[in-house]
Amino acid sequence: ILARELRCDEDTLKQYRWDTRFATASRPASIVRVHDVDRTDEGQIFVVMDYLEGENLADLLHREGRLDLVRALRLASQIARALAAALSAGVVHSDLKPRNVMVMGPEERIRLTGFGMARLRRSAASVLLARPVGAAHEYAAPELSGGGEGIDRADIYALGAVLYAMLTGSAPSAAPSTVTTNGARGATNGA
């Protein structure tokens, strides 16, 4: 059952169902299978998916710190294959972060979760705040922070940020908001 504040209109819920079902349509082993998405009688959204025994990558990184290069690349390769499988089904994740990567078993197979969540969060925030809100976290591509829609390049950016976290043990630093034409970093003042 998702957080109470995650409420959305029927069109957004239909799109979420579409995203989650298409992401698992080809039944890739690296994407968690979603069986149903609906609302409770009280209006809360719930997702019925396969039970995964393991831990998410965020918890693994918190416990172990940075990973060695070979291990990090092996996990990143599995994540990339999962994203490619979803994209071939027409779905962009747009909320990739270590918490949405499950690591299972001694062979460390990964499963991606969280497809469609960015869309639900943007919709809920727009309703609550009367303005669009993007997927604001340190793994999100800069174009998503302004409420932009997820595109495959945003998933590639997030994969790079997750790989960075695996290699360094911490999330990438927040990027500056603008870059001037001479390459110097600048800040915006809202103008």
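Check the entry above for the structure.
The sections below set out a description of the structure shown in this document.

Rules of the game
Residues numbered from 1 in each chain as written. Predicted model: local features only at pLDDT ≥ 70, side-chain atom pairs only at ≥ 80, totals over all residues. Heavy atoms only, no water. Helix = DSSP H or I, 4+ residues; strand = E, 2+ residues; numbered from the N terminus. Buried < 20%, exposed > 50% of the residue type's maximum accessible area, 1.4 Å probe, protein only. Contact = heavy atoms within 4.5 Å. Areas by Shrake-Rupley, 256 points an atom, 1.4 Å probe, with all protein chains shown as cover. Pairing = 2+ DSSP bridges. Axes fitted to C-alpha atoms, helices over the stretch in contact; angles between N-to-C directions. Expected span 1.5 Å × (residues − 1). Polar contact = N/O pair within 3.5 Å; in protein donor to acceptor, adjacent residues only side chain to side chain. Arc of directions from axis to C-beta.

Looking only at helices and strands, the protein chain has five helices and seven strands in total. When the helices and strands of the protein chain are read in sequence order from the N terminus, they spell out α-β-β-β-α-α-β-β-α-α-β-β. Relative to its 191 residues, the protein chain shows a buried fraction of 42%. If you take every contact in the protein chain between residues at least 6 apart in sequence, the share linking residues at least 24 apart comes to 59%. Summing over all exposed atoms, the protein chain offers an accessible surface of approximately 10,600 Å²; the carbon and sulfur share of this is 54%.

Another aspect to go through is the pairing of strand β5 (residues 109-112). Across four bridges, the pairing between strand β4 (residues 101-104) and β5 is antiparallel. For Val101, the partnering residue across the bridge sits in β5 and is Leu112. Between β4 and β5, which follow one another and run antiparallel, lie four residues, and Gly105 among them has a positive phi close to 75°.

To continue, consider the sheet that holds β5. The three strands are arranged β3-β4-β5 in an open sheet whose pairing can be described as antiparallel. Looking at which strands have only one partner, the edges of the open sheet turn out to be β3 (55-56) and β5. Along the sheet, helix α3 (residues 69-88) contacts β4 and β5; its crossing angle with β5, the most-contacted strand, is approximately 40°.

What follows concerns α3. Between its first and last C-alpha atoms α3 spans 28 Å; for 20 residues at 1.5 Å apiece the expected length is 28 Å, and the two agree. Within the span of α3, buried status applies to Arg71, Ala72, Leu75, Ala76, Gln78, Ile79, Ala82, Leu83, Ala85 and Ala86. On the buried face of α3, the contacting elements are α2 (57-64), β4, β5 and α5 (152-168). The opening residue of α3, the one whose side-chain oxygen lies 3.1 Å from the backbone nitrogen of Val70, is Asp68. One or two steps after α3, the chain reaches Gly90, where phi turns positive at roughly 90°.

Here we take up α5. With 17 residues, α5 extends 24 Å from end C-alpha to end C-alpha; this agrees with the ideal 24 Å at 1.5 Å per step. Looking at α5, one finds that the buried residues are Ala154, Asp155, Ala158, Leu159, Ala161, Val162, Ala165 and Met166. Projection of α5 onto a plane perpendicular to its axis shows the buried side chains occupying an angular sector of 165°, all on one side. Exposed side chains of α5 directed beyond 90 degrees from the buried face belong to Arg153 and Ile156. Where α5 is buried, its residues contact α2 and α3.

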